[in-house]
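Each chain, letter by letter, is given below.
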Amino acid sequence: MSSTTNPTEPGGPTWYHDAAEYWKSVEPTVDGMLGGFANLDDIDAADSIKFLEPLIKDGTVARGSACDCGAGIGRVTKSFLSHFFKEVDLVEQDHHFINTAKNDPALAGVARRFIHCGLQSFDPLEHKIAYSGIVWCQWVLGHLTDDDLVAFFQRMIAVCPVIGVKENVATGKYGESEIDTQDSSMTRADNVWRRVFKRAGLRVVKEQKQSNWPRGLYEVRMWCLVKDTAAAAPKSADAAAAASSSPSKSSSSPAAAAAKSS
(Lines give C-alpha, C1' and ligand atoms only; values in the text may rest on other atoms or scores of the structure.)
Protein backbone atom coordinates (compact mmCIF):
# COMPACT_ATOMS: atom_id res chain seq x y z
CA MET A 1 0.00 0.00 0.00
CA SER A 2 2.94 2.34 0.50
CA SER A 3 4.51 4.20 -2.39
CA THR A 4 7.65 3.53 -4.39
CA THR A 5 9.47 5.46 -7.07
CA ASN A 6 11.39 2.73 -8.85
CA PRO A 7 10.99 3.30 -12.60
CA THR A 8 11.73 -0.30 -13.68
CA GLU A 9 9.55 -1.50 -16.54
CA PRO A 10 7.19 -4.38 -15.67
CA GLY A 11 6.60 -7.52 -17.69
CA GLY A 12 10.08 -9.04 -17.77
CA PRO A 13 10.63 -12.79 -18.08
CA THR A 14 10.49 -13.34 -14.30
CA TRP A 15 7.78 -10.75 -13.51
CA TYR A 16 5.05 -13.23 -12.52
CA HIS A 17 7.44 -15.75 -11.01
CA ASP A 18 8.97 -13.09 -8.77
CA ALA A 19 5.53 -12.01 -7.57
CA ALA A 20 4.59 -15.58 -6.74
CA GLU A 21 7.85 -16.06 -4.83
CA TYR A 22 7.23 -12.90 -2.84
CA TRP A 23 3.76 -13.97 -1.72
CA LYS A 24 5.06 -17.37 -0.63
CA SER A 25 6.87 -15.56 2.18
CA VAL A 26 3.75 -13.74 3.42
CA GLU A 27 1.79 -15.09 6.37
CA PRO A 28 -1.77 -16.25 5.51
CA THR A 29 -3.40 -13.80 7.90
CA VAL A 30 -5.40 -10.57 7.57
CA ASP A 31 -2.26 -8.67 8.59
CA GLY A 32 -0.31 -10.45 5.87
CA MET A 33 -2.95 -9.70 3.23
CA LEU A 34 -2.91 -6.01 4.16
CA GLY A 35 0.85 -5.60 4.40
CA GLY A 36 0.86 -5.04 8.12
CA PHE A 37 -2.27 -2.85 8.16
CA ALA A 38 -4.80 -5.28 9.64
CA ASN A 39 -6.36 -2.32 11.45
CA LEU A 40 -7.69 -1.10 8.08
CA ASP A 41 -9.75 -4.25 7.42
CA ASP A 42 -13.03 -2.87 8.81
CA ILE A 43 -12.56 0.56 7.19
CA ASP A 44 -11.91 -1.06 3.85
CA ALA A 45 -14.94 -3.35 4.04
CA ALA A 46 -17.29 -0.60 5.22
CA ASP A 47 -16.54 1.63 2.24
CA SER A 48 -16.79 -1.26 -0.21
CA ILE A 49 -20.25 -2.05 1.15
CA LYS A 50 -21.28 1.61 0.84
CA PHE A 51 -20.01 1.61 -2.73
CA LEU A 52 -21.83 -1.53 -3.85
CA GLU A 53 -25.11 -1.29 -1.94
CA PRO A 54 -26.68 1.45 -4.13
CA LEU A 55 -25.67 -0.49 -7.24
CA ILE A 56 -27.49 -3.53 -5.88
CA LYS A 57 -30.57 -1.46 -5.05
CA ASP A 58 -30.80 0.20 -8.48
CA GLY A 59 -30.30 -3.09 -10.30
CA THR A 60 -26.91 -2.33 -11.82
CA VAL A 61 -25.52 -5.34 -9.97
CA ALA A 62 -27.64 -8.44 -9.48
CA ARG A 63 -27.67 -10.45 -6.26
CA GLY A 64 -26.34 -13.50 -8.05
CA SER A 65 -23.00 -15.25 -7.98
CA ALA A 66 -19.70 -13.39 -7.66
CA CYS A 67 -16.00 -13.95 -8.15
CA ASP A 68 -13.29 -12.74 -5.78
CA CYS A 69 -10.15 -12.33 -7.89
CA GLY A 70 -6.85 -12.49 -6.06
CA ALA A 71 -8.83 -13.70 -3.07
CA GLY A 72 -5.92 -14.54 -0.80
CA ILE A 73 -7.34 -16.11 2.37
CA GLY A 74 -10.87 -14.95 1.59
CA ARG A 75 -10.71 -11.71 3.57
CA VAL A 76 -12.74 -9.67 1.05
CA THR A 77 -15.32 -12.41 0.58
CA LYS A 78 -15.91 -12.66 4.32
CA SER A 79 -15.96 -8.97 5.17
CA PHE A 80 -17.67 -7.61 2.06
CA LEU A 81 -18.94 -9.87 -0.73
CA SER A 82 -20.79 -12.23 1.62
CA HIS A 83 -23.08 -9.32 2.54
CA PHE A 84 -24.57 -9.42 -0.96
CA PHE A 85 -23.84 -12.78 -2.59
CA LYS A 86 -24.64 -16.31 -1.46
CA GLU A 87 -22.14 -17.91 -3.84
CA VAL A 88 -18.62 -16.62 -4.41
CA ASP A 89 -15.76 -18.24 -6.29
CA LEU A 90 -12.33 -17.50 -4.85
CA VAL A 91 -9.48 -17.28 -7.36
CA GLU A 92 -5.97 -17.30 -5.89
CA GLN A 93 -2.58 -18.45 -7.17
CA ASP A 94 -0.84 -18.97 -3.82
CA HIS A 95 -1.48 -22.45 -2.50
CA HIS A 96 -1.10 -21.70 1.21
CA PHE A 97 -3.50 -18.76 0.94
CA ILE A 98 -6.17 -20.76 -0.84
CA ASN A 99 -5.70 -23.73 1.50
CA THR A 100 -6.21 -21.38 4.45
CA ALA A 101 -9.44 -20.18 2.83
CA LYS A 102 -10.61 -23.76 2.23
CA ASN A 103 -10.20 -24.53 5.92
CA ASP A 104 -11.94 -21.39 7.16
CA PRO A 105 -15.38 -22.35 8.54
CA ALA A 106 -16.57 -18.76 8.06
CA LEU A 107 -16.37 -19.29 4.30
CA ALA A 108 -18.19 -22.61 4.28
CA GLY A 109 -21.58 -21.09 3.59
CA VAL A 110 -20.55 -18.73 0.81
CA ALA A 111 -17.49 -20.07 -1.03
CA ARG A 112 -18.60 -22.08 -4.05
CA ARG A 113 -15.28 -22.89 -5.68
CA PHE A 114 -11.62 -22.43 -4.80
CA ILE A 115 -9.72 -21.90 -8.03
CA HIS A 116 -5.93 -22.16 -7.78
CA CYS A 117 -4.80 -19.91 -10.64
CA GLY A 118 -3.06 -16.62 -11.40
CA LEU A 119 -5.25 -13.94 -12.94
CA GLN A 120 -2.99 -13.68 -15.99
CA SER A 121 -4.12 -17.23 -16.80
CA PHE A 122 -7.62 -17.38 -15.33
CA ASP A 123 -10.31 -17.97 -17.95
CA PRO A 124 -13.78 -18.76 -16.55
CA LEU A 125 -14.87 -20.17 -19.90
CA GLU A 126 -12.29 -22.93 -19.55
CA HIS A 127 -14.02 -23.89 -16.30
CA LYS A 128 -17.47 -23.40 -17.88
CA ILE A 129 -18.25 -20.72 -15.29
CA ALA A 130 -20.30 -17.54 -15.55
CA TYR A 131 -21.29 -15.00 -12.92
CA SER A 132 -24.59 -13.13 -12.68
CA GLY A 133 -23.47 -10.63 -10.03
CA ILE A 134 -19.97 -9.15 -10.08
CA VAL A 135 -16.32 -10.00 -10.61
CA TRP A 136 -14.48 -8.15 -7.85
CA CYS A 137 -10.75 -7.37 -8.09
CA GLN A 138 -9.00 -5.75 -5.14
CA TRP A 139 -5.32 -4.96 -4.57
CA VAL A 140 -4.21 -7.54 -7.10
CA LEU A 141 -4.35 -6.00 -10.59
CA GLY A 142 -1.04 -4.20 -10.10
CA HIS A 143 0.62 -7.56 -10.64
CA LEU A 144 -0.68 -7.73 -14.23
CA THR A 145 0.98 -5.93 -17.11
CA ASP A 146 -1.26 -3.55 -19.06
CA ASP A 147 -1.70 -6.00 -21.95
CA ASP A 148 -2.48 -8.90 -19.62
CA LEU A 149 -4.89 -6.72 -17.65
CA VAL A 150 -6.78 -5.73 -20.79
CA ALA A 151 -7.04 -9.40 -21.78
CA PHE A 152 -8.15 -10.33 -18.24
CA PHE A 153 -10.90 -7.70 -18.26
CA GLN A 154 -12.13 -8.92 -21.64
CA ARG A 155 -12.33 -12.50 -20.38
CA MET A 156 -14.23 -11.40 -17.27
CA ILE A 157 -16.77 -9.16 -19.02
CA ALA A 158 -17.53 -12.07 -21.35
CA VAL A 159 -18.88 -14.09 -18.40
CA CYS A 160 -20.18 -11.38 -16.05
CA PRO A 161 -22.06 -8.13 -16.72
CA VAL A 162 -20.20 -6.10 -14.07
CA ILE A 163 -16.60 -5.82 -12.91
CA GLY A 164 -15.64 -4.12 -9.66
CA VAL A 165 -12.12 -2.79 -9.15
CA LYS A 166 -10.59 -1.47 -5.93
CA GLU A 167 -6.96 -0.47 -6.28
CA ASN A 168 -4.28 1.99 -5.27
CA VAL A 169 -3.83 5.05 -7.48
CA ALA A 170 -0.49 6.78 -7.98
CA THR A 171 -0.24 10.55 -8.16
CA GLY A 172 1.64 10.48 -11.46
CA LYS A 173 4.49 12.48 -9.89
CA TYR A 174 6.97 9.70 -10.65
CA GLY A 175 5.54 8.64 -13.98
CA GLU A 176 2.41 6.87 -15.14
CA SER A 177 3.14 3.80 -13.03
CA GLU A 178 5.25 3.31 -9.92
CA ILE A 179 6.97 -0.06 -9.77
CA ASP A 180 7.65 -2.14 -6.69
CA THR A 181 10.39 -4.61 -7.60
CA GLN A 182 10.04 -6.40 -4.26
CA ASP A 183 6.70 -7.97 -5.15
CA SER A 184 6.62 -7.35 -8.94
CA SER A 185 3.70 -4.96 -8.92
CA MET A 186 2.89 -1.52 -10.26
CA THR A 187 0.67 1.27 -8.99
CA ARG A 188 -1.02 2.98 -11.90
CA ALA A 189 -1.93 6.64 -12.12
CA ASP A 190 -5.59 7.52 -12.73
CA ASN A 191 -5.10 8.19 -16.44
CA VAL A 192 -3.48 4.78 -16.88
CA TRP A 193 -6.41 3.01 -15.23
CA ARG A 194 -8.81 4.84 -17.53
CA ARG A 195 -6.75 4.01 -20.58
CA VAL A 196 -6.75 0.31 -19.64
CA PHE A 197 -10.52 0.36 -19.07
CA LYS A 198 -11.03 1.92 -22.49
CA ARG A 199 -8.73 -0.56 -24.22
CA ALA A 200 -10.71 -3.40 -22.65
CA GLY A 201 -13.99 -1.96 -23.95
CA LEU A 202 -15.27 -1.03 -20.50
CA ARG A 203 -17.20 1.98 -19.24
CA VAL A 204 -17.12 3.42 -15.72
CA VAL A 205 -20.63 3.70 -14.26
CA LYS A 206 -19.54 4.59 -10.72
CA GLU A 207 -16.32 5.73 -9.10
CA GLN A 208 -15.61 6.41 -5.45
CA LYS A 209 -12.59 7.27 -3.33
CA GLN A 210 -11.90 5.23 -0.20
CA SER A 211 -12.63 7.38 2.84
CA ASN A 212 -10.91 7.56 6.24
CA TRP A 213 -7.64 6.37 4.74
CA PRO A 214 -4.36 7.11 6.57
CA ARG A 215 -2.07 9.77 5.19
CA GLY A 216 1.14 8.43 3.72
CA LEU A 217 -0.59 5.56 1.90
CA TYR A 218 -1.66 5.53 -1.72
CA GLU A 219 -5.08 6.88 -2.53
CA VAL A 220 -7.53 4.01 -3.05
CA ARG A 221 -10.35 4.15 -5.60
CA MET A 222 -13.25 1.89 -6.50
CA TRP A 223 -14.73 1.60 -9.99
CA CYS A 224 -17.82 -0.18 -11.24
CA LEU A 225 -17.31 -1.21 -14.87
CA VAL A 226 -19.66 -2.50 -17.54
CA LYS A 227 -19.22 -3.25 -21.22
CA ASP A 228 -19.08 -0.08 -23.30
CA THR A 229 -21.75 -1.00 -25.82
CA ALA A 230 -21.66 2.45 -27.41
CA ALA A 231 -18.00 2.04 -28.34
CA ALA A 232 -18.69 -1.36 -29.85
CA ALA A 233 -21.95 -0.39 -31.58
CA PRO A 234 -22.01 -0.75 -35.37
CA LYS A 235 -22.25 2.37 -37.50
CA SER A 236 -25.67 3.51 -38.56
CA ALA A 237 -26.60 3.15 -42.23
CA ASP A 238 -26.26 6.92 -42.75
CA ALA A 239 -22.86 7.01 -41.08
CA ALA A 240 -21.67 4.03 -43.10
CA ALA A 241 -22.83 5.65 -46.35
CA ALA A 242 -21.07 8.89 -45.45
CA ALA A 243 -17.88 7.02 -44.63
CA SER A 244 -17.94 5.11 -47.91
CA SER A 245 -18.36 8.34 -49.92
CA SER A 246 -15.50 10.14 -48.17
CA PRO A 247 -11.98 10.09 -49.60
CA SER A 248 -9.87 7.32 -48.13
CA LYS A 249 -7.18 8.28 -45.64
CA SER A 250 -3.75 6.84 -45.12
CA SER A 251 -3.33 4.56 -42.10
CA SER A 252 -0.35 6.68 -41.13
CA SER A 253 -2.55 9.63 -40.17
CA PRO A 254 -2.39 10.84 -36.56
CA ALA A 255 -5.96 9.60 -35.92
CA ALA A 256 -5.13 6.11 -37.17
CA ALA A 257 -1.96 6.00 -35.13
CA ALA A 258 -3.88 7.00 -32.03
CA ALA A 259 -6.48 4.31 -32.66
CA LYS A 260 -3.78 1.64 -32.96
CA SER A 261 -2.18 2.70 -29.72
CA SER A 262 -5.40 2.78 -27.71
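Residues numbered from 1 in each chain as written. Predicted model: local features only at pLDDT ≥ 70, side-chain atom pairs only at ≥ 80, totals over all residues. Heavy atoms only, no water.

## Looking at the overall build of the chain
Heads up, the condition is: Comment: elements are numbered from the N terminus, with helices defined as DSSP H or I runs of at least four residues and strands as E runs of at least two. Residue exposure (1.4 Å probe, protein chains only): buried if accessible area is under 20% of the type maximum, exposed if over 50%, otherwise partly exposed. Contact definition: two residues touch when any of their heavy atoms are within 4.5 Å. Only the protein chains shown count as cover for residues, and the accessible areas themselves come from Shrake-Rupley with a 1.4 Å probe.
Counting its secondary structure elements, the chain contains ten helices and nine strands. For the chain, with 262 residues in total, the buried portion stands at 46%. Within the chain, residue pairs in contact and separated by at least 24 positions form 69% of the contacts whose partners lie at least 6 positions apart. When the accessible surface of the chain is split by element, carbon and sulfur atoms take 51% of a total near 13000 Å².

## Regarding the pairing of strand β6 (residues 177–180)
For the record, the criterion: A pair of strands counts as paired when DSSP detects no fewer than two bridges linking them.
As paired elements, β6 and strand β7 (residues 185–188) share four bridges and run antiparallel to each other. When the bridges of β7 are listed, Ser-177 appears paired with Arg-188. Hairpin remark: β6 followed by β7, antiparallel, with four residues in the connecting loop; positive phi at Ser-184, about 55 degrees.

## Section: the nonpolar core
This is how the line gets drawn: Buried residues of nine kinds, namely Ala, Val, Leu, Ile, Met, Phe, Trp, Tyr and Cys, make up a nonpolar core once their side-chain atoms join them within 4.5 Å.
Counting 34 residues, the largest nonpolar core has Phe-122, Tyr-131, Val-135, Leu-141, Phe-152, Phe-153 and Ile-163 as the members making the most contacts within it. Elements supplying a minimum of two residues to this core: β1 (65–69), β4 (134–138), α6 (146–157), β5 (163–169), α7 (190–199) and β9 (219–227). The biggest single contributor to this core is α6, with six residues. Beyond its immediate chain neighbours, meaning those up to four positions away, Leu-141 contacts Leu-119, Leu-149, Phe-152, Phe-153, Val-165, Glu-167, Arg-188 and Trp-193. Among the nonpolar cores identified, the runner-up in size contains 25 residues, and Ala-66, Val-110, Ile-134 and Val-162 belong to it.

## Side note on the pattern of salt bridges
Our working rule: Salt bridge, as used here: a side-chain nitrogen of Lys or Arg that lies within 4 Å of a carboxyl oxygen of Asp or Glu.
In this structure the tally under the stated criterion is 16 salt bridges. Measuring nitrogen to oxygen at the nearest pair gives 2.9 Å for the salt bridge that ties Asp-146 to Arg-188. One end of the pair, Asp-146, is in helix α6; the other, Arg-188, is in strand β7, with 42 residues separating them in the sequence. With its nearest N and O atoms 2.8 Å apart, the salt bridge here joins Arg-194 to Asp-190. Residue Arg-194 and its partner Asp-190 are located together in helix α7, separated by four residues, close to a single helical turn. Residue classification places Asp-190 among the partly exposed residues on the basis of a relative accessible area of 26%. Each of Asp-190, Arg-194, Glu-207, Lys-209, Glu-219 and Arg-221 takes part in salt bridges that share partners, so that together they form one network.

## Brief notes about the packing of α6 against α7
In a packed pair of helices, the relevant descriptors are the angle between the two axes and the axis-to-axis distance. Rule in force here: To get an axis, a line is fitted to the C-alpha atoms, and for a helix only the part in contact is used. The angle between two axes follows their N-to-C directions and goes from 0 to 180 degrees. Oblique is the label for any angle not covered by the other classes, which are roughly parallel (under 35 degrees), roughly antiparallel (over 145) and roughly perpendicular (65 to 115). For any helix crossing, the convention is left-handed if the near helix is rotated counterclockwise from the far helix by under a right angle, and right-handed if that rotation is clockwise. Gly is placed with the polar residues, together with every amino acid not listed as nonpolar (Ala, Val, Leu, Ile, Met, Phe, Trp, Tyr, Cys and Pro) or charged (Asp, Glu, Lys and Arg).
Remark: α6 packs on α7, axes separated minimally by 9 Å, with the N-to-C direction vectors making an angle of 50 degrees. Considering the angle they form, α6 stands oblique to α7. Judged by the twist between their axes, the crossing of α6 over α7 is right-handed. Judged by residue contacts, Asp-146, Asp-147, Leu-149, Val-150, Phe-153 and Gln-154 of α6 engage Val-192, Trp-193, Val-196, Phe-197 and Arg-199 from α7. Grouping the constituent residues of the contact of α6 with α7 by class yields seven nonpolar, one polar and three charged.

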